[in-house]
Amino acid sequence: MLGLFDSGLGGLTVLRAVRAMLPDEEIVFLADQAHVPYGDRSEEELVELLHANIAWLEGAGADAIVMACNTSCAVAQRHGWPPSRVRILDLIESAALAVMRRGIRNVAVIATAATVRTGAYGSALRAREPGMQVAEIAAPALVPLVEAGDIESDRARRAVAEVCEGVPADCEAVLLACTHFPVLDAHFAAALGPKIARIDPALVQAERAVALAIEAGSARGNGGTRCVTTGDGARFAEQLAMMLGPDPSRTSEAVRLEYGKDRTAR
Ligand code: DGL
């Protein structure tokens, strides 16, 4: 069984990609909606949430963890990954791989404020290609729009357009470095135009998840998806249906997680 987590609905973009590649795999997906948006939180809190989420997935029976949250990966890059008995697939590594494969040398990374603060993307990309030009752009307004289901509105379009104003005109591609952002891809496409490619790291992450599932010996299962939120269970079920469509092999429920300190929903 593979475990995935994110602060919320963004992780569904990774879940969808992984599910397409591994139709029989059992998957447990944790959305920590009690603490979304992660991008506005301190590194100390994010480290605590990373540890708790990984421990929860291990406890739920995950044989390997496929990261579906860039912000958590960025924080892990600075502070280290929690010790775990299972392998953890880093999303930033997959994103960097996606950029390298396309031979891109000038990229804009659009991410949460917390991710940008760590500089993790710049470091990961320059470690692979020292001459790489990387512009890191924080987009704190976008995650709340996706969580609220405000995706097709003019407000969402304008919010994305505003973020894209910061993209250097000579860059070859934009890395959608928060898993919530591919949900707004149509707005990115309209704002960036045809000359700037958009890269969703979920595709390479899913490809690497296949190898990981085989290694973990878990690639065959009943194809069930257990979706869990730390937020409102009824609302989550509606959000899942809206974003993924109906699926009889999917269940959803709410859980309460124990964190180091009691950081409940705002
Ligand atoms: N979707 C997450 C990411 O990839 C976190 C977004 C947030 O909660 O701010 O970074």
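Residues numbered from 1 in each chain as written. Predicted model: local features only at pLDDT ≥ 70, side-chain atom pairs only at ≥ 80, totals over all residues. Heavy atoms only, no water.

### Thoughts on the pairing of strand β7 (residues 173-176)
- Residues of β7 alternate between two faces, with Ala 173 and Leu 175 on one and Val 174 and Leu 176 on the opposite face, all of them buried.
- Relative to β7, strand β5 (residues 106-111) runs parallel, the two sharing four bridges. By the bridge assignment for β7, Val 109 is matched with Leu 175.
- When β7 meets strand β8 (residues 197-199), the two strands line up parallel, connected through three bridges. Within β8, the residue paired with Leu 175 across the bridge is Ile 199. (Buried < 20%, exposed > 50% of the residue type's maximum accessible area, 1.4 Å probe, protein only. Helix = DSSP H or I, 4+ residues; strand = E, 2+ residues; numbered from the N terminus. Pairing = 2+ DSSP bridges.)

### Examining the sheet that holds strand β6 (residues 133-138)
- With respect to topology, four strands assemble into an open sheet ordered β6-β5-β7-β8, the strand pairing being parallel. If you trace the sheet from one side to the other, it starts and ends with β6 and β8, each paired once. The average undirected angle you get between the axes of adjacent strands in this sheet is 25 degrees.
- With respect to the sheet, helix α6 (residues 120-128) is in contact with β5, β6 and β7, its orientation differing from that of β6 by roughly 165 degrees. (Axes fitted to C-alpha atoms, helices over the stretch in contact; angles between N-to-C directions. Contact = heavy atoms within 4.5 Å.)

### Structural notes on the site of the ligand
- Close contacts around the ligand come from 14 residues, with Ser 7, Tyr 38, Gly 39, Thr 71 and His 180 the closest.
- Thr 179 places a main-chain nitrogen or oxygen 2.9 Å from an oxygen atom of the ligand.
- The side chain of His 180 places a nitrogen or oxygen atom 2.8 Å from a nitrogen atom of the ligand.
- Looking at the shell around the ligand residue by residue, the class counts come to six nonpolar, seven polar and one charged. (Near = heavy atom within 4 Å. Polar contact = N/O pair within 3.5 Å; in protein donor to acceptor, adjacent residues only side chain to side chain. Nonpolar A, V, L, I, M, F, W, Y, C, P; charged D, E, K, R; others polar.)

### Some details on the pairing of strand β10 (residues 250-254)
- Bridge count for strand β9 (residues 225-229) against β10 is five bridges, and the pairing is parallel. For Arg 226, the partnering residue across the bridge sits in β10 and is Thr 251.

### Description of the confidence of the model for the protein
- Mean pLDDT over the protein works out to 95, with 97% of the residues at or above the 70 mark.
- In this model, residues 262-266 is a region of pLDDT below 50 whose contacts with residues beyond four sequence positions or in other chains number 14 contacts. (pLDDT = per-residue confidence, 0-100.)

### Some details on the environment of Leu 49
- Relative to the helices and strands, Leu 49 resides in helix α2 (residues 43-59).
- Look at Leu 49 and you get buried, because its relative accessible area is 1%.
- Along the chain, Leu 49 and Tyr 259 lie 210 residues apart, while their C-alpha atoms are 7.0 Å from each other.
- With sequence-adjacent residues up to four places away left out, Leu 49 is seen in contact with Asp 32, His 35, Tyr 38, Arg 41 and Tyr 259.

### Looking at the pattern of salt bridges
- Counting across every chain of the model gives 11 salt bridges.
- In this structure, the salt-bridge partner of Arg 78 is Glu 43, at a minimum N-O distance of 3.1 Å. With Arg 78 in helix α3 (residues 70-79) and Glu 43 in helix α2, this pair connects stretches of sequence that are 35 residues apart.
- With a shortest N-O distance of 3.0 Å, Arg 208 and Glu 93 are connected by a salt bridge. Remark: Glu 93 occurs in helix α4 (residues 91-101) and Arg 208 occurs in helix α10 (residues 202-215); sequence separation between them is 115 residues. (Salt bridge = Lys/Arg side-chain N within 4 Å of Asp/Glu carboxyl O.)

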